[in-house]
Amino acid sequence: MSPDNEVIERSAREPAAFAMLFDRHAKAVYRYVAQRLGDQVADDVMSETFLVAFERRSSFDLEVGDARPWLLGIATRLMRKHARVEAVAWKGMSADLAARIAPDFIEQVGSRIDAERLTRRLGNALRRLSEADRDTLLLYAWGDLNYASIAAAMRVPVGTVRSRLNRARRQLRRAAGLGTLEQETEHGRTDTAPQHS
């Protein structure tokens, strides 16, 4: 199986080859978009992502083997067009994201009422994040990208990704009532990029 960069390079001569990239990554792009905007627009954004990628394939860095960060970066930028839909969807999604971000804290909550209050607080905190911090956090939590891949998707240095995630985590911890700063890990994801910005 050819790596993504070879498929993209080949698609310059044989445009139909680009379909292999769609076959490999369409589900991941769809899942990421659906978690943020819901199923009703995920198909449209996913399709538009691959259309934009196809049109801009000559700008892809052929030194990079994996196109998923590039595709999720395109999807993230396209989703900004759907910000109004996303704002409506936040209410339902905040519970899922809260469960992913602070599972230990939610498990300790004794009653459903407390969990609902926490969900509302975290949802409000997520809405108050800057667009860049929220996109970075969601590429990490829902896009399942490591820091280097997020940097590629967002077109920023790895240090900027670290700063944005740190800032977002601090705000979410405050909203959750967690005062201690615990050491964060990448949950098994490896980050081989240099740590400078």
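Since we're looking at a predicted model, the values are computed, not measured.

Enquirer: Could you clarify how one ought to interpret the pattern of salt bridges in this entry?
Expert: Opposite charge on two side chains allows them to pair when their charged atoms are near. Across all of its chains, the model carries six salt bridges by this definition. Bridged by salt links that share partners, the residues Arg 36, Arg 80, Glu 131 and Asp 135 form one connected network.

Enquirer: What is the right way to read helix 9 (residues 147-154) from this model?
Expert: Count 3.6 residues to each turn of an α-helix, and residues three or four apart come out pointing the same way. The element helix 9 is largely enclosed, with a buried count of six among its eight residues. When we look at burial in helix 9, the residues that qualify are Tyr 147, Ser 149, Ile 150, Ala 151, Ala 153 and Met 154. The opening residue of helix 9, the one whose side-chain oxygen lies 3.2 Å from the backbone nitrogen of Ala 148, is Asn 146. After helix 9 finishes, the residue Arg 155 shows a positive phi value of roughly 60 degrees.

Enquirer: Please clarify how the packing of aromatic side chains should be interpreted in this entry.
Expert: Any pair of aromatic rings gets described here by the distance separating the centres and the angle formed by the planes. For the structure on display, the rule yields four aromatic pairs. An angle of 75 degrees between the planes, with centres 5.3 Å apart, marks the rings of Phe 18 and Phe 54 as edge-to-face. Placement of Phe 18 in the loop between helix 1 (4-11) and helix 2 (19-37) and of Phe 54 in helix 3 (residues 39-55) is noted, with a sequence separation of 36 residues between them. Here the basic side chain of Arg 57 rests over the ring of Phe 54, its NZ or CZ set 3.9 Å away from the ring centre. Positioned over the ring face of Tyr 140 is Arg 169, at 5.2 Å from the centre of the ring.

Enquirer: Would you take a moment to explain the packing of helix 1 against helix 2 for this structure?
Expert: Helix-helix packing is described using two parameters, namely the angle between the two axes and the distance between the axes. Two elements in contact, helix 1 and helix 2, have axes whose closest approach is 9 Å; the angle formed by their N-to-C orientations is 145 degrees. Mapping the contact onto sequence places Asp 4, Val 7, Ile 8 and Arg 10 in helix 1 and Met 20, Leu 21, Arg 24 and His 25 in helix 2. Of the residues assigned to the contact of helix 1 with helix 2, the class counts are four nonpolar, one polar and three charged.

Enquirer: Before we go on, may I ask you to explain the confidence of the model for the protein in this structure?
Expert: For residues with low pLDDT, the predicted coordinates do not support detailed interpretation. Across the protein, pLDDT averages 79, with 72% of residues at or above 70. Helix 6 (residues 103-108) is the least confidently modelled element of the protein, averaging 50 in pLDDT, while helix 1 averages 94, the highest of any element. Within the model, the stretch residues 180-188 combines pLDDT values under 50 with 13 contacts to residues more than four positions away or in other chains. Per-residue pLDDT stays below 50 along residues 192-197; that stretch engages in nine contacts with residues further than four places along the chain or on separate chains.

Enquirer: Where do I start with the nonpolar core in this structure?
Expert: The tendency in soluble globular proteins is for nonpolar side chains to be buried as a group. Counting 49 residues, the largest nonpolar core has Val 29, Tyr 32, Val 33, Trp 70, Leu 71 and Leu 139 as its most contacted members. For this core, the secondary structure elements donating two or more residues are helix 2, helix 3, helix 4 (68-79), helix 7 (112-128), helix 8 (131-141), helix 9 and helix 10 (158-176). Filtering out sequence-adjacent residues up to four positions away, Leu 139 remains in contact with Tyr 32, Leu 72, Thr 76, Asp 144, Leu 145, Ile 150, Ala 153 and Met 154.

Enquirer: How should I be thinking about the side chain of Thr 76 in this particular structure?
Expert: Tracing the sequence through the fold places Thr 76 in helix 4. When neighbours within four sequence positions are excluded, Thr 76 is seen to be in contact with Tyr 32, Arg 36, Asp 135, Leu 139 and Met 154.

Enquirer: When you look at the environment of Glu 9 in this model, what are you seeing that I'm missing?
Expert: Along the chain, the position of Glu 9 falls in helix 1. Along the backbone, Glu 9 and Arg 57 are 48 residues apart, and their C-alpha atoms lie at a distance of 8.1 Å.

So, how was this worked out
Residues numbered from 1 in each chain as written. Predicted model: local features only at pLDDT ≥ 70, side-chain atom pairs only at ≥ 80, totals over all residues. Heavy atoms only, no water. Salt bridge = Lys/Arg side-chain N within 4 Å of Asp/Glu carboxyl O. Buried < 20%, exposed > 50% of the residue type's maximum accessible area, 1.4 Å probe, protein only. Helix = DSSP H or I, 4+ residues; strand = E, 2+ residues; numbered from the N terminus. Polar contact = N/O pair within 3.5 Å; in protein donor to acceptor, adjacent residues only side chain to side chain. Phe/Tyr/Trp six-rings, centres within 6.5 Å; stacked < 30°, edge-to-face > 60°. Lys NZ or Arg CZ within 6 Å of the ring centre and 35° of its normal. Axes fitted to C-alpha atoms, helices over the stretch in contact; angles between N-to-C directions. Contact = heavy atoms within 4.5 Å. Nonpolar A, V, L, I, M, F, W, Y, C, P; charged D, E, K, R; others polar. pLDDT = per-residue confidence, 0-100. Core = buried A, V, L, I, M, F, W, Y, C linked by side-chain atoms within 4.5 Å.

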